[in-house]
Amino acid sequence: MSEVHTYPVPETFAANTLVTNDDYQRMYRQSVEDPQAFWSQQANDFLQWSKPFTNVVEEDLTKGHAAWFADGELNVSVNCIDRHLPTRAAQTALIWEGDDPADSKNITYQELHDNVGRLANLLKARGVNKGDRVCIYMPMIPEAAYAMLACTRIGAVHSVVFGGFSPDSLKDRILDSDCRLVITADEGVRGGRKVPLKANVDKALANCPDVHTAVVVKRTGANVDWDSKRDIWYAESVAEQSTDCAPEPMNAEDPLFILYTSGSTGKPKGVLHTTAGYLLASTMTFKYTFDYKEGDVFWCTADVGWITGHSYIVYGPLCAGAVSLMFEGVPTYPDASRCWQVVEKHKVNTFYTAPTAIRALMGAGDDFVTKCDRSSLKLLGTVGEPINPEAWEWYHNVVGENRCPIVDTWWQTETGAHMITPLPGATAMKPGSATRPFFGVQPALLDEKGQEIDGEGEGALVMKASWPSMIRSVYGDHQRMIDTYFSTFPGYYFTGDGARRDADGYYWITGRIDDVLNVSGHRLGTAEIESAIVLHEDTAEAAVVGYPHDIKGQGIYCYVTLKNGREPSEELRKELINLCVQEIGPIAKPDIIQWAPGLPKTRSGKIMRRILRKIACNELDSLGDTSTLADPSVVDELVDHRANK
Ligand code: PRX
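Residues numbered from 1 in each chain as written. Predicted model: local features only at pLDDT ≥ 70, side-chain atom pairs only at ≥ 80, totals over all residues. Heavy atoms only, no water.

J.: Help me out: how do you make sense of the site of the ligand in this one?
T.: Lining the immediate environment of the ligand, one finds 17 residues, of which Asp-408, Thr-409, Thr-413, Asp-497 and Arg-523 sit closest. Between Arg-512 and the ligand, the recorded distance is 2.8 Å, taken from a side-chain N or O atom to an oxygen atom. Side-chain polar atom of Asn-518 to an oxygen atom of the ligand: 3.4 Å apart, as the coordinates give it. Its free accessible area being 550 Å², the ligand has 96% of it covered by the protein chains. Breaking the shell around the ligand down by element, the ones donating at least two residues are helix H12 (307-319), strand S20 (406-409) and strand S25 (507-512). Looking at the shell around the ligand, its residues break down into six nonpolar, six polar and five charged. (Near = heavy atom within 4 Å. Polar contact = N/O pair within 3.5 Å; in protein donor to acceptor, adjacent residues only side chain to side chain. Areas by Shrake-Rupley, 256 points an atom, 1.4 Å probe, with all protein chains shown as cover. Helix = DSSP H or I, 4+ residues; strand = E, 2+ residues; numbered from the N terminus. Nonpolar A, V, L, I, M, F, W, Y, C, P; charged D, E, K, R; others polar.)

Right, dumping it as structure tokens:
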């Protein structure tokens, strides 16, 4: 390891922080030594309960079981909206910045209340009851947040599907969780381009006979096909509804939402989060990790289709009564200074984004940054993938003018909220390290035998105890949750990541150790891409691995074996690429396709991905033992024809 530079907490920051290093030490200790007392206090400080809880937590990780605050009752929309009204009715809740820089508006907490109430009443009028699933397939417009909160108002379970997913992916997700109502828009707008959301919904719903209603927001006014039995316009339908909708009292462990995410095998899993634990963890981490102070403007650039958007655009900030900025566009439109123009325009105090965006903007040059006024910025954050120290330094020096701490937040869809992260007033930073565990989080590193590694070392990253926003189930397949997260190392939650712990106890995430790719901070299962490729009638077999990519973090490298008698061609390559985009969405577009006459397999027929990974990464000196392969010569053939030599 090269020498690591440590950046202390800036003194000006430490002087006025919610959590100093001493506070961190004390609170962390209490959170693990006396979780009942710690969480009881936090849950009462951060949330408003309609019926107080008496139990804090019951857990048995050997069974994947955890229940938090299980006899308490509350409503998420009341916590995110109503309880702020006495003091913040006129305060901005959401700042919406459109794709077009001339388009923006502010939504106050009162307006949020009225919009959410109307939509909640509309959902009820269309027959949505407590526990029913609602699919949200939306662009980044305020109605996406209204839709999520309207579901929580009436106890419906939302399943937000990222607007970049294909009609087929949307259909699979709607069917998997048996959604009966879909909320969408005529079109989305991103980077000056239109996204045909309603047309995608029409295609998906052709195979979803149980969906009785599609609520459509008019975003662009484009001509769209209309099924008058099923489709209703949002604006005219909510106009008929009252702004008051009585909140449904929910049990702490009632389902709150489902969010699909890729795993190493099979189709994406519907990760299920429940009400109180998720809301508490997203709110608490929002306050502490971002050191959020009254009136600060907080901007998380994620899409609400991902967990980051759920936790840090909608639930965490709104439950904390914050000002949350929602951005419809992309960081490079109209040009690479867009983010910093938005920072200047809305006086953003905290900016939270993914390393892939930072690398892309770094590549565009400093002028795009320095020409904008960033004096409002106090804190920067990253999420989604390991950040390389070079990008970290640029973010720190150029964007943050050496003033702003950076919080490198490690977490997952399944964890619901930050797990390992610096607290900016407490933790000295090391570029590339997610540093120390958040309150109540008890990470451990396991070796290949499943033994805990003490002190410095590297191994599989697991959690020794539950935390409030831990995944509770995989929708419709509880056993799959147990198999995926709680069986590899019995008694622990297995993250799927590897990590290293240094002498200071800091964690360095080394990346996935399963067959999950992280492309531009988005998770993709290699199995999903392989299934798409073998749909083509010319393909016999496919194996997909990741390789280092300068901007995207990981690129998608596909080895494809054709059926006997079929010939590789440029046209076929394009067809396969299009197939992945069509089946999954543009994020699954392969970067490299290598024609493979054969794949390295063990004698029992298992593909040796380790070797394929090494070839894709050009680590040809360390291919390891190939003698156990059924036919070792296929490796030479693949090496000779490597696609990105
Ligand atoms: O591999 C880790 C990586 O992203 C995975 C989780 O992906 P997803 O569920 O889509 O959630 C992304 C946003 C929370 C993790 O298993 N990851 C996430 N944050 C970091 C990270 N890797 C390194 N450093 C991070 N800060």
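J.: What is the right way to look at the sheet that holds strand S14 (residues 255-261) in this model?
T.: In a beta sheet, neighbouring strands pair by backbone hydrogen bonds and run either parallel or antiparallel. Read from one edge to the other, the open sheet built from eight strands follows the order S12-S11-S8-S6-S7-S14-S15-S23, with strand pairing classed as mixed. This sheet does not close on itself; its edge strands, each paired only once, are strand S12 (231-233) and strand S23 (473-474). Sheet analysis places strand S6 (residues 133-136) next to strand S7 (residues 157-160), joined by four bridges and oriented parallel. In the sheet register, Cys-135 faces S7, and the bridge partner there is Ser-159. Contacting strand S8 (181-185), strand S11 (213-217) and S12, helix H9 (residues 197-205) runs over the sheet at an angle of about 155° to S8. (Pairing = 2+ DSSP bridges. Contact = heavy atoms within 4.5 Å. Axes fitted to C-alpha atoms, helices over the stretch in contact; angles between N-to-C directions.)

J.: Can you walk me through the domain arrangement of the protein chain in this structure?
T.: For interface size, the figure often reported is the accessible area lost on association. Along its sequence, the protein chain is carved into domain 1 (11-500) and domain 2 (520-641). The C-alpha-based centres of domain 1 and domain 2 are spaced at 33 Å. Taken together, the contact between domain 1 and domain 2 spans 22 residues of the former and 19 residues of the latter. Buried surface at the junction of domain 1 and domain 2, both sides included, amounts to about 1400 Å², of which 46% is carbon and sulfur. Along the contact surface separating domain 1 from domain 2 lie one salt bridge. Where the side of domain 1 that touches domain 2 is concerned, the elements lending two or more residues are helix H8 (167-176) and helix H14 (355-364). Of the residues belonging to the side of domain 1 that touches domain 2, the class tally is five nonpolar, 13 polar and four charged. (Domains from an automatic or database assignment. Buried area = accessible area lost by both parts, 1.4 Å probe. Salt bridge = Lys/Arg side-chain N within 4 Å of Asp/Glu carboxyl O.)

J.: Could you clarify how one ought to interpret the packing of aromatic side chains in this entry?
T.: Taken as a whole and assessed by the stated rule, the structure comprises 39 aromatic pairs. Taking the centre distance of 5.6 Å and the plane angle of 80° together, the rings of Trp-39 and Trp-68 count as edge-to-face. In this pair, Trp-39 is assigned in helix H3 (residues 35-46) and Trp-68 in strand S2 (residues 65-68), connecting sequence segments 29 residues apart. Comparing Trp-39 with Trp-68 shows no difference in burial state: the two are buried. An aromatic cluster is present here, built from Tyr-24, Tyr-28, Phe-38, Trp-39, Phe-46, Trp-49, Phe-53, Trp-68, Phe-69, Tyr-288, Phe-438 and Phe-439 joined pairwise through their rings. The positively charged end of Arg-173 is found above the aromatic ring belonging to Phe-165, 4.3 Å away from the centroid. A cation sits over an aromatic face here: Lys-218 above Trp-233, 4.7 Å from the ring centre. (Phe/Tyr/Trp six-rings, centres within 6.5 Å; stacked < 30°, edge-to-face > 60°. Buried < 20%, exposed > 50% of the residue type's maximum accessible area, 1.4 Å probe, protein only. Lys NZ or Arg CZ within 6 Å of the ring centre and 35° of its normal.)

J.: Even after reading the chapter, I still don't get the pattern of salt bridges, so can you show me in this structure?
T.: Charged atoms that come close allow side chains of opposite charge to pair. Tallied over the entire structure, the rule returns 38 salt bridges. Note that Lys-171 is salt-bridged to Asp-168, the shortest N-O span being 3.4 Å. Here Lys-171 and its partner Asp-168 are both found in helix H8, three residues apart, which amounts to about one turn of the helix. Through salt bridges that share partners, Asp-168, Lys-171, Asp-172 and Lys-267 make up one connected network.

J.: What am I meant to see in the side chain of Asn-75 here?
T.: As for its position among the elements, Asn-75 is in the loop between strand S3 (73-74) and helix H4 (76-80). According to the relative accessible area criterion, Asn-75 is buried, its value standing at 5%. A polar contact is formed between the side chain of Asn-75 and the backbone oxygen of Thr-152, at a distance of 3.0 Å. Side-chain polar atoms of Asn-75 contact the backbone oxygen of Arg-153, separated by 3.3 Å. With residues near it in sequence (within four places) discarded, Asn-75 still touches Thr-152, Arg-153, Pro-247, Glu-248 and Met-250.

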